[in-house]
Amino acid sequence: MTQASAKPVATVAEIRKTFLDFFAERGHTVVASSPLVPGNDPTLMFTNSGMVQFKDVFLGTDKRSYVRAASVQACLRAGGKHNDLENVGYTARHHTFFEMLGNWSFGDYFKRESLKWAWELLTEVYKLPAERLLATVYEEDDEAYDIWTKEIGLPPERVIRIGDNKGGRYKSDNFWMMADTGPCGPCSEIFYDHGDHIPGGPPGSPEEDGDRFIEIWNNVFMQFEMHEDGSVTPLPAPCVDTGMGLERLAAILQHVHSNYEIDIFDALIKAAARETGCADLANPSLKVIADHIRATAFLISDGVIPSNEGRGYVQRRIVRRAIRHGYKLGRKAPFFHKLVPDLVALMGDAYPNLAANAQRITEVLKAEEERFYETLENGMEILDAALGGGEKVLPGDVAFKLHDTYGFPLDLTNDVCRERGVSVDADGFNAAMERQKAQARAAGKFKMDKALDYNGAGNTFVGYEQLATEAKVVALYVDGTPVAELKQGQAGVVVLDTTPFYAESGGQVGDQGALTSGSARFAVEDTLKIKADVFGHHGVLETGTLAVGDHVQAQVDMALRAATMRNHSVTHIMHKALRE
């Protein structure tokens, strides 16, 4: 054991460094955190675990120069399937942005080394008391159970077997799957026992959701391939994928109950108090602001700016939620961007890209604050008036007006209403949203048919044979006017020389999907005919720039195409594409 890894741990920065040093000493390549926007997985809105950047390695489509890796990954859960946004500020451990410590073996070491190193790091380096730790294993994983009980020496009563507890074969808290098919395997989770004075039971018990036993580290053993019929076969080179939440570990090592009491949040909460003038450091709104400055700043450093579409809209929702909490504390002018220097001081060394983009982050946040403050006060007055009579449900049309006219995302309105014990008529909101979309769609089609002046050659449609193809951009339009390029965040129309996108015709709606080129991604929201043989791809450029002459990969959203084709005679194309 070297001097570096035996050093006592105090701060989040030291916990981070100690983890990486420990695994570097054991032959692991330290890999930098990948961006919050996954470059290798279009199905994922944001990077939500350390494994994402290695997914292609596990699938066998990528090979690295190393077989052991360790990283501290910036992660985000706010949008899509993994969404913790509404819980932030109300619980001890929910965050939008968090950091995941991880180590990986790509066909090199397996269960024995993984579990023994985890135990060594936790008990000998971080000095966690061994009697406070317990583990779970998959019910059929005798190998992991024996390593814990016979080699590491954990008492059998502190190693809990968890079976198929989610309604099917291999459907278990302790059996991990990448997808419905593909790499999968059992996992072993390590828990910390906060003591019998905290409510809650051990994992697998009816009281497991209490706060007494907290999961800190998951070791996933990818040793099988899951087939479509539900059977599994051994993988030729089993892999290890582990993940440990940095904030949870820091709370334990710093002897505090809530993640919001660790040193990095303590500093950010004090900075938020300084900028809002709030003297009560326990105010939940300060926690929200402290959490959200991390999420929004890292998103901007990775190229996501506030907008009304896709990832940009998630970003806008987080920024505006933070602003509203500042407003609630009495701050009636832009303040949020002033926290960027505090964040960079705390995290810039570990994440150089954050420090390099500090000025741009500040400028983007300030611009979004100035925009929202123009409508925030009026929107709050409308909300106050709607709730002034003691109503228990906010009408959906009021929530939609706040969204459409005053820029209030629905979850922001939900946030205000929850504080006042009021629910929101979400169905009414959605109905109003659909009415507006239908009206805009009808108006847009009429306008575009008349407005787009295109005199070039017709495009080649290949969408009956394939749902993805290489293509060249031959024309671009913004607000009906031809332009040479689109910039990030702009809505427009793209014309390609070749397209797999079906344009609305004969009762079948136009395709949706994406056009990608390098760092540029254009989200196609609809496909309409400009002329009989010229298709316009309507949407928003989410990242990068897109210019006339660029070559792109055009990819139709297969699931949506399948849904619209169910009553059409071309269903076989979808089956062919899925098989391939």
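Each residue is numbered by its place in its chain's sequence as written, counting from 1. Per-residue local features of the predicted model are confined to residues with pLDDT of at least 70, and side-chain atom pairs are confined, for both listing and counting, to 80 or more; whole-chain, interface and lining totals are unaffected and use all residues. Working from all heavy atoms in the structure, the side-chain values ignore hydrogens and water.

Turning next to the pattern of salt bridges. Definition used for salt bridges: Asp or Glu carboxyl oxygen within 4 Å of a side-chain nitrogen of Lys or Arg. Applying the stated rule across the entire model yields 34 salt bridges. For R294, the salt bridge is made with E99, and the minimal N-O distance between the two is 3.7 Å. Note that R294 is positioned in helix α8 (residues 284-301) and E99 in strand β3 (residues 97-106), a separation of 195 residues in sequence. Across the pair D146 and K150 runs a salt bridge whose closest N-O atoms are separated by 3.8 Å. Here D146 pairs with K150, and both are found in helix α5 (residues 142-152), just four residues apart, close to one helical turn. Judged by relative accessible area, which is 30%, D146 ranks as partly exposed. Through salt bridges with shared partners, a single ionic network connects R321, R324, K328, D415, R418 and E419. We count a stretch as a helix when DSSP gives it H or I for four or more residues in a row; a strand needs E for two or more, and each element gets its number in order from the N terminus. Here's how the labels work: a residue is buried when its accessible area is under 20% of the maximum for its type, exposed when over 50%, partly exposed in between, all with a 1.4 Å probe on protein chains only.

Domain annotation for the protein reports domain 1 (12-260), domain 2 (262-386), domain 3 (388-444) and domain 4 (460-567). With centres defined by C-alpha atoms, the gap from domain 1 to domain 2 works out at 30 Å. Facing the 35 residues of domain 1 at the interface are 26 residues of domain 2. In short, buried area is how much 1.4 Å probe accessible area vanishes from two parts on joining, totalled over both. Buried area between domain 1 and domain 2, summed over both chains or domains, comes out near 2,500 Å², and the portion from carbon and sulfur atoms is 63%. The three residues of domain 1 that bury the most area against domain 2 are L85, F97 and Y260, which together make up 26% of that side's buried surface. Taken together, domain 1 and domain 2 are joined by two salt bridges. Its salt-bridge partner being R294, residue E247 comes within 2.8 Å of it at the nearest N-O pair. Any pair of nitrogen or oxygen atoms within 3.5 Å is treated as a polar contact; in protein, a donor-acceptor pairing is required on top of that, and neighbouring residues in sequence qualify only through side-chain atoms on both sides. Applying the counting rule to domain 1 against domain 2 returns twelve residue pairs in polar contact (both at pLDDT 80 or more). Mapped by element, the contributors of at least two residues to the side of domain 1 that touches domain 2 are α2 (12-24), β2 (68-76), β3 and α6 (246-253). Element by element, the count of residues in the side of domain 1 that touches domain 2 is highest for β2, at four residues. In this count, Pro and Cys sit with the nonpolar residues alongside Ala, Val, Leu, Ile, Met, Phe, Trp and Tyr, while Asp, Glu, Lys and Arg are called charged and the others, Gly among them, polar. When grouped by side-chain class, the residues that make up the side of domain 1 that touches domain 2 number 21 nonpolar, ten polar and four charged. For every domain, the bounds stem from an assignment made automatically or drawn from a database. By definition, residues are in contact when any of their heavy atoms lie within 4.5 Å.

The next point concerns the nonpolar core. As used here, the term nonpolar core means buried Ala, Val, Leu, Ile, Met, Phe, Trp, Tyr and Cys residues forming a set that is joined through side-chain atoms within 4.5 Å. Within the largest apolar cluster, 115 residues are counted, with the highest numbers of intra-cluster contacts made by L122, W148 and W217. In this structure W217 touches F19, F23, N103, A118, L121, L122, S188, E189, I190, T242, G243 and M244, once residues within four positions along its chain are discounted. In this structure, V478, L486, V494 and A554 belong to the second largest nonpolar core, which totals 18 residues.

This brings us to empty space enclosed by the protein. Note on definitions: the grid is 1 Å and covers protein atoms alone; a cavity is a set of points where a 1.4 Å probe fits but cannot get out; a pocket is an open set with protein on both sides within 12 Å along at least five of seven lines; lining residues have an atom within 4 Å of a point. Grid points are joined across faces, edges and corners, and a volume is the space filled by probe spheres set on the points. A full pass over the atoms with the stated rule returns two cavities of 30 Å³ or more. At the level of elements, α9 (310-328) and β20 (534-543) are the ones that each hand at least two residues to the lining of the largest cavity. Split into classes, the residues belonging to the lining of the largest cavity amount to four nonpolar, five polar and three charged. Both domains that meet at the lining of the largest cavity, namely domain 2 (262-386) and domain 4 (460-567), each give it at least three residues. As for the second largest cavity, its lining consists of R93, H194, I214, R248, A251, I252, V256, H257 and N259. Grouping the amino acids of the lining of the second largest cavity by side-chain chemistry returns four nonpolar, three polar and two charged.

Moving on to the packing of helix α7 (residues 263-276) against α8. Where α7 meets α8, the closest approach of the two axes is 8 Å, and the angle between their N-to-C directions is 110°. Put simply, α7 runs roughly perpendicular to α8. The element α7 and its partner α8 pack so that their crossing is right-handed. Contacts between α7 and α8 involve I264, F265, L268, I269, A272, A273 and T276 on the former and, on the latter, L286, K287, I289, A290, D291, I293 and R294. In terms of residue class, the contact of α7 with α8 is built from ten nonpolar, one polar and three charged. Convention adopted: a line fitted to C-alpha atoms gives each axis, helices being fitted over their contacting stretch, and angles between N-to-C directions are expressed from 0 to 180 degrees. Working rule for angles: under 35 degrees goes down as roughly parallel, over 145 as roughly antiparallel, 65 to 115 as roughly perpendicular, anything else as oblique. Crossing handedness is read from the near helix: turned anticlockwise from the far helix by less than a right angle, it gives a left-handed crossing, and turned clockwise, a right-handed one.

Here we come to helix α12 (residues 358-386). Take the number of residues in a helix, subtract one, and multiply by 1.5 Å to get its expected span. Compared with the 42 Å implied by 1.5 Å per residue over 29 residues, the 40 Å span of α12 between its first and last C-alpha is a close match. A residue's bend is simply the angle between two axes: one fitted to the seven residues ending at it, one to the seven starting at it. Most pronounced at L376, the bend in α12 amounts to some 35°. Within α12 the residues assigned to the buried category are A358, I361, V364, L365, E368, E369, F372, Y373, L376, G379, M380 and L383.

Another aspect to go through is the pairing of strand β22 (residues 551-556). Side chains of β22 alternate between two faces, with V552, A554 and V556 buried and H551, Q553 and Q555 left unburied. Judged from the five bridges that link them, strand β13 (residues 468-478) and β22 form a sheet pairing that is antiparallel. When the bridges of β22 are listed, A468 appears paired with Q555. Note: strand β18 (residues 513-517) against β22, four bridges, orientation antiparallel. Across the sheet, residue L515 finds its bridge partner in β22, namely A554. The pairing criterion for strands is at least two bridges between them, as found by DSSP.

Another aspect to go through is the state of the cysteines. Two cysteine sulfurs form what is called a disulfide whenever their separation falls within 2.5 Å. Throughout the structure, instances matching the rule amount to zero disulfides. The thiol sulfur of C239 is not disulfide-bonded, and the nearest other cysteine sulfur, from C184, lies at 12 Å. Residue classification places C239 among the buried residues on the basis of a relative accessible area of 11%.

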